[in-house]
Amino acid sequence: MERILVIGANGQIGSELTEALADIHGAENVIAADIGPRSLAGAERYETLDVLDNARLRQCIDGHGITQVFHLAALLSVTGEQAPLRAWMLNMNGLLNILEIARERTAAGQPLRVFWPSSIAAFGPHTPAVDTPQLTVMDPTTIYGISKLAGERLCEYYFAKYGVDVRSVRYPGIISYKSPPGGGTTDYAIAIFHAACRGEIYHCYLGPESTLPMIYMPDAIRATIELMQAPAAQIRVRSSYNVAGVSFNPRQLADAIRRRKPDFRVDYRPDQRQSIADSWPRSLDDTYARADWGWTPAIGLQPMADDMLLHIGKTVRQCTQAA
Ligand code: NAD
């Protein structure tokens, strides 16, 4: 029986991952943790936890008999640029705290399986932008991307040197409707749906042709769970796997929305986030993930847009009625 700790459980991914893990392992076996007060509807068990507080982290892992940790606490690309030192401290030291506990547990014959996400932000301007390979030039320009690349190297090191069973995917930009995004460069692809459902013009901070790799939340959750369930012998990549979902640009996304809402309009006002987007890949080659643990994305652009419009439309109508 697995006992699971999700750190950063109040966030965009954590809130949905906690629910999905509770469905698989039973709510009593999934402990949601975050630095803030509980904001999750689904979690049966909740701990207020700062991942930088090593003593409390150990207490939480030992006290609950944890066998798997999903470590999601981080500052993202846009918020990271506003506080680079804080981003580096949180993103690196949080991961190191967990890898150290996993190292000790592995040596003691009580292994702790760890999931930690990297990002397309780990790539940079000299990375081949189309069908970006698994192994390639990586020269990230944001503190967030630098911390993700360093984190990938740490994960591979802890596996190679200490046998820690750590697994990772380089998430593309994640699109979802249940909880708000956490301050990334790809957040436009969520905000655009809120504007469309409110009948407003959307002022897009990226230009119309800025193609980026994206993934719809159900596919991202499935990738995470499938990777963590795969037999250890199949996991050849211990830095982080490329996983492709669907690549599109703001113009193509607006076209998909206009198929359902023909009056929807976007105007383009690129800001400083454009230069971050310009340094990232346009599409990913995820051959390794497909070969090693059977990854296949399921949700394309139009089905994703239709589902987002359905759910965000409902929320906007409820808010309008309540006002
Ligand atoms: P988010 O900002 O929505 O959630 C992060 C959570 O971590 C928040 O609830 C926050 O309160 C919590 N947290 C912050 N500091 C903490 C601390 N010291 N201790 C414990 N919890 C703390 O982020 P997200 O979008 O859910 O991203 C989760 C992970 O996935 C991050 O590592 C991120 O880099 C990665 N990722 C996300 C995306 C995306 O598009 N959302 C893309 C690529 C990678």
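Residues numbered from 1 in each chain as written. Predicted model: local features only at pLDDT ≥ 70, side-chain atom pairs only at ≥ 80, totals over all residues. Heavy atoms only, no water.

Asker: Could you clarify how one ought to interpret the pattern of salt bridges in this entry?
Answerer: When the charged atoms of two side chains with opposite charge come close together, those side chains can pair. Per the counting criterion, the structure on display carries 21 salt bridges. The shortest N-O distance in the salt bridge between Glu104 and Arg58 comes to 2.7 Å. In this pair, Glu104 sits in helix α4 (residues 84-107) while Arg58 sits in helix α2 (residues 54-63), placing the two residues 46 residues apart along the sequence. You can call Glu104 partly exposed: its relative accessible area is 32%. Arg251 is paired through a salt bridge with Glu209; the nearest N and O atoms lie 2.9 Å apart. Here Arg251, found in helix α8 (residues 250-258), pairs with Glu209, found in the loop between β10 (202-204) and β11 (212-216); they are 42 residues apart in sequence, far enough to count as distant. Under the relative-accessibility criterion, Arg251 is labelled partly exposed at 32%. What makes Glu209 partly exposed here is its relative accessible area of 44%. What you see here is one network of salt bridges that share partners, running through Arg113, Asp165, Arg167 and Arg238. (Salt bridge = Lys/Arg side-chain N within 4 Å of Asp/Glu carboxyl O. Helix = DSSP H or I, 4+ residues; strand = E, 2+ residues; numbered from the N terminus. Buried < 20%, exposed > 50% of the residue type's maximum accessible area, 1.4 Å probe, protein only.)

Asker: Help me understand the domain arrangement of the protein, please; the structure alone is not making it clear to me.
Answerer: Accessible area lost when the parts come together is the quantity often used to give the size of an interface. Assigned domains within the protein: domain 1 (4-171 + 217-242) and domain 2 (174-214 + 245-283 + 299-322). A separation of 26 Å is found between the C-alpha centroids of domain 1 and domain 2. In this assembly, 27 residues from domain 1 lie in contact with 21 residues from domain 2. Between domain 1 and domain 2, a total of about 2,000 Å² is buried, with carbon and sulfur atoms accounting for 60% of that surface. Ranking the residues of domain 1 by area buried against domain 2 places Gln12, Val78 and Ile120 at the top, with a combined share of 31%. Summed over the shared surface of domain 1 and domain 2, the result is one salt bridge. Of the charged contacts in the structure, one is a salt bridge between Glu19 and Lys178, with a shortest N-O distance of 3.8 Å. In this structure, the connection of domain 1 to domain 2 is made through 13 residue pairs in polar contact (both at pLDDT 80 or more). Within the side of domain 1 that touches domain 2, the residues separate by chemical class into 13 nonpolar, nine polar and five charged. (Domains from an automatic or database assignment. Contact = heavy atoms within 4.5 Å. Buried area = accessible area lost by both parts, 1.4 Å probe. Polar contact = N/O pair within 3.5 Å; in protein donor to acceptor, adjacent residues only side chain to side chain. Nonpolar A, V, L, I, M, F, W, Y, C, P; charged D, E, K, R; others polar.)

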